[in-house]
Amino acid sequence: QVQLVESGGGLVQAGGSLRLSCRASGRTFSSYAMGWFRQAPGNERQFVSAITWIGGSVYYLDSVKGRFTISRDIAKNTMYLQMNNLKPEDTAVYYCAAGTTMLWSDFGSWGQGTQVTVSS
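Overview of the structure.

Cut-off values and rules
Residues numbered from 1 in each chain as written. Predicted model: local features only at pLDDT ≥ 70, side-chain atom pairs only at ≥ 80, totals over all residues. Heavy atoms only, no water. Core = buried A, V, L, I, M, F, W, Y, C linked by side-chain atoms within 4.5 Å. Buried < 20%, exposed > 50% of the residue type's maximum accessible area, 1.4 Å probe, protein only. Helix = DSSP H or I, 4+ residues; strand = E, 2+ residues; numbered from the N terminus. Contact = heavy atoms within 4.5 Å. Salt bridge = Lys/Arg side-chain N within 4 Å of Asp/Glu carboxyl O.

Right, let's get into the nonpolar core. Met34, Trp36, Met79, Leu81, Met83 and Tyr94 are the most contacted members of the largest nonpolar core, which totals 27 residues. Among the elements of the structure, strand E1 (2–7), strand E3 (18–26), strand E4 (33–39), strand E5 (46–52), strand E7 (68–73), strand E8 (78–83), strand E9 (92–99) and strand E11 (114–119) are those that each provide at least two residues to this core. Apart from residues lying up to four places away in sequence, Leu81 is in contact with Leu18, Arg19, Leu20, Trp36, Val48, Ser49, Phe68, Thr69, Ile70 and Tyr94. By size, the runner-up hydrophobic cluster in this structure holds 6 residues, among which are Phe47, Ala50, Ala97 and Phe107.

Structure (C-alpha cells):
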C-alpha cells in the first residue's frame with residue numbers, strides 16, 4: 001500500500017515544457033518500480049515511462065523518447081517526469097504509479113492524476 005500524489009501539470013503551448021512530480025509515502029519499500037501513465041479522452045490508458053527504484057533503469061514510450069526524461073530522488077521518495085517539446089498529442093491526465101514488477105499489470109498503486117494540456 002503506497003500513497004502517491006502527482007503535481008506539476010498545467011497548460012502550455014506546443015513546444016513548451018513541464019515537470020511532473022510524484023511523491024510516495026506508505027509502504028514504499030515494497031515498490032520495485034515507479035512509472036507514469038496517461039489517459040486522454042477517448043483513449044485507453046497508455047504507458048509513458050518507468051524507472052526501477054534501486055537500479056534506476058528507465059523505459060519510455062517510443063513517442064516520448066528524446067523529449068521526456070524520468071528520474072527519481074530516493075531520499076525524497078519522489079519521481080519526476082521532465083517533459084520537453086510538448087505536443088498537443090501529449091494532452092492527457094498523467095498518473096503516477098508504483099509496481100512490484102515492471103509488468104504493466106503489476107502497477108497496482110496509483111495517484112489521483114494531474115492534467116497536462118498542450119495547446120496547438
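What follows is about the pattern of salt bridges. With the rule as written, the count across this model stands at 3 salt bridges. Between Arg38 and Asp90 there is a salt bridge; the shortest N-O distance is 3.0 Å. Taken together, the residues Arg38 in strand E4 and Asp90 in the loop between E8 and E9 connect sequence positions 52 residues apart. Judged by relative accessible area, which is 2%, Asp90 ranks as buried. Where Asp90 meets Arg67, a salt bridge forms, and the shortest distance between an N and an O atom there is 2.8 Å.

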